Amino acid sequence: MKTFLKLSKAWAALRWKMTIIFSFFSIVSVAMITCFSIALLNVVIRRESAFLIEERIKVIVESRTGIIDPVLNRIDGCEYASNAALFSLFTEYMSASWPGSQTVVSMLPLEVPPGVNPPWLDSPTFTGTVEDQGKVEIRFLRMVKRKGCLVRVVVRVPIGEAYLSQSAAASGLEVVDSQPVMLRRYRHDEGLVGESEANFLPGSWRPIPVVVVARDWESGSIESWVICQIRPGYSRTIADLSRMGLRRASWFGPLISIGFGLCLAYACGVFFSLRLSRRIVSVIDTLSYAAHKVGSGDFSVSIPVAERDQLGLLATSFNTMTNHLKDLREQEKQRIILERDIALAHEAQQYLYPRFAPVLFGAEVCGITAPARIVSGDLYDFFPFDDNVVGLLCADVSGKGVSAALMMAHLQAVAHGRMLFLEQPSARPSPSALAAMLNRDLCGRFGDNRYATMFYGEYDSNTRLLRYVNAGNCPPILISAAGEVTVLRDGDLPIGLFPEMAYQELGFTLSRGSAIVVYSDGLIDALNSHGREFGEERLVSCCKLLPKGTSAESICSFLSQRVEEWSAGAEQFDDTTLLVLAVN
């Protein structure tokens, strides 16, 4: 059990896995090539043994014409049947040439009677191996025309045990079985496994079939027959190899050199595989350790680069990554500090807006703002001079974010500074005078291209008179007591552009039940998910839907809700501010 646990622990290490895998496949490949070579040599030896007998049979078949023709030339006519001396001479000559052969000489009329030759034979000459009634033999047939008759000579050489034993002995082989059988039925019951074992298993003593192609004498069809089975002789093959050159070193030396070269090549492959696996594992271990350090927050770790290969590039990329992570962590720290400062700025900015709306006799005011980012560049404020007079301020400075918020806070501080003498109406600047003062103070303070749009008005509930200045702000909307909506488009340029700019004071008397809506451009520029703006026309349409006598808070809530529904799911890029004065 302990040994198994140790092996399991060793196998879990990547180093041992790669080492074992490389070694295993190297050894297996060497073993497979060796087995393939031995099996191939075995097949060659076995087939070469059978090939010797098959070639002897072919040589016998091809050499018979030269033996028979001289005898046939001595037969001039049909007197051969009555000439016993000539017949004896011919048969003895055939038997001497082909031991064990059978010779039949027939005299036939010039018209060959049917049944003498098989139907498929349309030639007067035939030489080859045939199968006749289950026996395989070499057969020669020759028909020649003589005076008044045809001489038909048939020579049959049986391929029997005696003939095969003589041929095998001449080749240094041993006949095991001489019973002929068709090749397709040979070892049919043993299947593929038996054939593989007989032909490819090194050192197998299974007999080798000697195959010849024979023609069926009755039908003329050609089939392969196993005429005998022989046992291979490895000693004869080895002896033949030893006689291939003048010295044994002529074949033994090259084979040993090839084998040594093969072993050396695989040894080098194993060596370089182990070296490569060691380097790969070393880099992986170093990367694993460095990644663990990086995961724990230590970005100072660095991997040494030993070589400029792919593993070296991997280590270089890791070092570059850690440097980038270190920079990103510093940037993240700065971002967190900045976000914290901006969050504090947002919290402080909320205190710049009115905490509650002032209470007026016969009128009410309400204002809301929604920043596009964390801090806003929009401003609204109330200046409650007494129970009947209130100042209304709505401004939108150029730009976004922190810079716009700082500019907005400065503008609000300056506006409050100009309103120090709230108890003395004669000391308060008029709306146009306040706009001119703020314009001179803001001009060039935050750069040449920074400005602010502003609406400032004073409302007296006793006279219901609204005096105001519109310095580039969106035109206010007047909602009459009867529900009519009017856009007040008169106004001047924004403040902060020209130092000596003069602003026109406008004014009108509000009837009971009427209201005026002041807003920044972020309200009408709000985009929906299709990129379309809310627009002034839609704002006017929403104002027409308001019931008569709606309070200022209800008007703010209704309009802001319509804008939120319009821009749901779309990112907004501008601050939104809404300021409403409603007369009871």
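Residues numbered from 1 in each chain as written. Predicted model: local features only at pLDDT ≥ 70, side-chain atom pairs only at ≥ 80, totals over all residues. Heavy atoms only, no water.

Each α-helix winds once per 3.6 residues, and so residues spaced three or four apart point in a common direction. Under the 1.5 Å per step criterion, the end-to-end length of helix α11 (residues 431-442) is 16 Å for twelve residues, consistent within 8% with the ideal 16 Å. By the criterion of burial, α11 is predominantly enclosed, with nine of the twelve residues buried. Buried residues along α11 sit against α10 (401-417), β12 (452-460) and β13 (465-471). Immediately beyond the C-terminal end of α11, within one or two residues, lies Gly444, with a positive phi of roughly 80°. (Helix = DSSP H or I, 4+ residues; strand = E, 2+ residues; numbered from the N terminus. Expected span 1.5 Å × (residues − 1). Buried < 20%, exposed > 50% of the residue type's maximum accessible area, 1.4 Å probe, protein only. Contact = heavy atoms within 4.5 Å.)

Let us now look at the pattern of salt bridges. Under the defined criterion, the tally for this structure stands at twelve salt bridges. When the shortest N-O distance is used, the salt bridge between Asp574 and Lys400 registers 3.7 Å. In this pair, Asp574 sits in the loop between α14 (552-566) and β18 (576-583) while Lys400 sits in the loop between β11 (389-397) and α10, placing the two residues 174 residues apart along the sequence. Classification of Asp574 by relative accessible area gives buried; the value is 17%. With its nearest N and O atoms 2.9 Å apart, the salt bridge here joins Glu505 to Arg467. Of this pair, Glu505 sits in the loop between β15 (485-487) and β16 (506-509) while Arg467 sits in strand β13; the two residues are 38 residues apart in sequence, bridging distant segments of the chain. By relative accessible area, which is 28% here, Arg467 ends up partly exposed. Through salt bridges with shared partners, a single network forms among Asp132, Glu137, Arg139 and Arg156. (Salt bridge = Lys/Arg side-chain N within 4 Å of Asp/Glu carboxyl O.)

Here we take up the sheet that holds β18. Taken together, the five strands give an open sheet; going across it, the order is β9-β18-β17-β14-β15, and neighbouring strands pair in antiparallel fashion. The open sheet has two free edges, formed respectively by β9 (363-370) and β15, since each of these has just one partner strand. Pairwise comparison of adjacent strand axes, ignoring direction, gives a mean angle of 15° for this sheet. In this structure, strand β17 (residues 515-519) lies alongside β18, joined through five bridges in antiparallel fashion. Bridge pairing links Val518 to Leu579 in β18. Contacting β14 (477-479), β15 and β17, helix α13 (residues 536-544) crosses the sheet at an angle of about 150° to β15. Contacts from α14 reach β9, β17 and β18 within the one sheet, and its direction differs from that of β9 by about 30°. (Pairing = 2+ DSSP bridges. Axes fitted to C-alpha atoms, helices over the stretch in contact; angles between N-to-C directions.)

What follows is about the pairing of β18. With eight of its eight residues buried, β18 lies for the most part within the structure. Burial along β18 is two-sided: Thr576, Leu578, Val580 and Ala582 facing one way and Thr577, Leu579, Leu581 and Val583 facing the other are all buried. Here β9 runs beside β18; their pairing, made up of eight bridges, is antiparallel. Across the sheet, the residue bridging to Gly367 is Leu579, located in β18.

As a further point, take the nonpolar core. Among the nonpolar cores identified, the biggest contains 48 residues, and Met454, Ile495 and Leu581 are the most heavily contacted of them. Examining the composition of this core, we find that seven residues originate from one element, β11, more than from any other. The residues touching Ile495, leaving out its near neighbours within four places in the chain, are Leu411, Ala435, Leu438, Asn439, Leu442, Tyr451, Ala452, Met454, Ala471 and Tyr503. Counting 27 residues, the second-largest nonpolar core is a separate cluster that includes Ala515, Ile524, Cys543 and Leu546. (Core = buried A, V, L, I, M, F, W, Y, C linked by side-chain atoms within 4.5 Å.)

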